[in-house]
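Read off the chains here:
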Amino acid sequence: MSYHAKIDWVSQFQRLEGAYATSTMRSYYSDVQIFETWCDQQALTPFPATVETVCTFLETQGQVVAPSTVKRRLYGIRKVHRLLDLPDPTLHEDVNLALRKVRRLRPNRPKQAKGMTHDYLEKFLEVQPNSPWGLRNKAMLSLGYDLLTRRSELVALRTEDIAWRRDGTLQVLIRRSKTDQYGDGRIAFTSRRSAKLLEDWLEYRGMHIAPLFCPIYHGKAINRELTDMVVRRLIRESAEKAGFDRSIALAFSGHSMRVGAAQDLLSAGHDTAAIMRAGGWKSVDVLARYLEYAEFNVWA
């Protein structure tokens, strides 16, 4: 039996549950499994790995996946070695050089999701069915746009996070985000339309369900959260139903509500500070990528 067959890294990874987002944990498990499988195929020992093994793995991966993915897999390998209290090869300078080679080999400009701007939102709302699913979908699309949410933030909303205001709008507490891992949260506000659409959805759904948006089975609301993949699928399917070419529909993602709303705010004349506050951005550089195409439209 080989040495690495005795290493139970999966059980050690379970110690991380709750400390990282579900999506992060899913990626870690996948990345480390890919590394272990590759080592098996090369007759190499993954845990503890040698510096040479890690370098070769990174450079091999750099031929087939994006540099950001290679970097994430390196983090997964590092995490396993630390959890198992094994000598960590990932901090060696040769590993750093291997990662730099990967970046230079495949320059990776971040791919920007197509923005679901207000014009797209109007069309997407129009094609929703006259059914419980349509009620939910309309509320999700409109609320996600108003709040500039990531898909994970939208599906994580709870009924208790919503408060109606006297002017017919909503105040919403977004408890946790990608850049707010400890759940300090941010407050955001909606339009009257989003408030009305959510009211219609909740009237059907009932107030006994904790997640704000939930699955529907045989016309009945189920008391559990949606997965964030539902958001991406909803946006892309709405684009296709609205008559857009499939190539355009596939350019949308679960981030499109956030991107489109930010672009609309810029086009409406709001400054960077206001947009950062509305969307909870911490980095001007990240926001700049979201606004790149909006700036083009403004000056066209």
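Here the structure is a predicted model, which means the values were calculated and not measured. (Residues numbered from 1 in each chain as written. Predicted model: local features only at pLDDT ≥ 70, side-chain atom pairs only at ≥ 80, totals over all residues. Heavy atoms only, no water.)

1. Points about the side chain of Arg258
Assignment of secondary structure puts Arg258 in helix H12 (residues 256–267). We note that Arg258 is buried and unpaired, the nearest opposite charge coming from Glu153 at a distance of 4.6 Å. Within the structure, Arg258 has its side chain in polar contact with the backbone oxygen of Gly279 (distance 2.7 Å). (Helix = DSSP H or I, 4+ residues; strand = E, 2+ residues; numbered from the N terminus. Buried < 20%, exposed > 50% of the residue type's maximum accessible area, 1.4 Å probe, protein only. Lys, Arg positive; Asp, Glu negative; His and termini not counted. Salt bridge = Lys/Arg side-chain N within 4 Å of Asp/Glu carboxyl O. Polar contact = N/O pair within 3.5 Å; in protein donor to acceptor, adjacent residues only side chain to side chain.)

2. Here we look at the packing of helix H3 (residues 51–61) against helix H5 (residues 93–105)
Here H3 crosses H5 at 5 degrees, and the two axes come no closer than 9 Å. The angle between H3 and H5 falls in the class roughly parallel. Contacts from Val51, Val54, Cys55, Leu58 and Glu59 of H3 reach H5 at Asp94, Val95, Ala98, Lys101 and Val102. In terms of residue class, the contact of H3 with H5 is made up of seven nonpolar, no polar and three charged. (Axes fitted to C-alpha atoms, helices over the stretch in contact; angles between N-to-C directions. Parallel < 35°, antiparallel > 145°, perpendicular 65-115°, else oblique. Contact = heavy atoms within 4.5 Å. Nonpolar A, V, L, I, M, F, W, Y, C, P; charged D, E, K, R; others polar.)

3. A look at the sheet that holds strand E2 (residues 170–174)
If you trace the three strands from one edge of the open sheet to the other, you get E1-E2-E3, paired in antiparallel fashion. Every interior strand has two partners, whereas the edge strands, strand E1 (162–164) and strand E3 (186–189), have only one. Taking the axes of each pair of neighbouring strands and ignoring which way they run, one obtains an average angle of 25 degrees across the sheet. Bridge count between E2 and E3: four bridges; the pairing is antiparallel. (Pairing = 2+ DSSP bridges.)

4. Side note on a positive patch on the surface
A contiguous patch of positive charge, built from Lys71, Arg100, Arg103 and Arg104, is present on the exposed surface. With three residues, H5 is the single largest residue contributor to the positive patch. (Patch = residues over 30% accessible without salt bridge, like charges linked within 9 Å, V, L, I, M, F, W, Y side chains within 5 Å. Areas by Shrake-Rupley, 256 points an atom, 1.4 Å probe, with all protein chains shown as cover. Charge placed at Lys NZ, Arg CZ, Asp CG, Glu CD.)

5. Remarks on the nonpolar core
Soluble globular proteins tend to bury their nonpolar side chains together. Core analysis: the largest hydrophobic core is formed by 47 residues, its most contacted members being Met116, Leu198 and Phe213. Sequence-distant contacts of Met116, defined by excluding residues within four places in its chain, comprise Leu121, Phe124, Leu141, Tyr145, Phe252, Ser256, Met257, Gly260 and Ala261. Counting residues in each nonpolar core, the second largest holds 27 residues, with Met25, Trp38, Cys39 and Val65 among its members. (Core = buried A, V, L, I, M, F, W, Y, C linked by side-chain atoms within 4.5 Å.)

6. Let's talk about helix H13 (residues 272–279)
Those residues of H13 lying buried are Ile275, Met276 and Gly279. Along H13, the residues classed as buried sweep out an arc of 100 degrees about the axis, all on the same side. Projecting away from the buried face of H13 at angles above 90 degrees are the exposed residues Ala273 and Arg277. The distance from a side-chain oxygen at the start of H13 to the backbone nitrogen of Ala273 is 3.3 Å, and the residue carrying that oxygen is Asp271. Among the residues trailing H13, Gly280 stands out with phi positive, at a value near 75 degrees. (Arc of directions from axis to C-beta.)

Function cannot be inferred from these measures alone, as they are strictly geometric.
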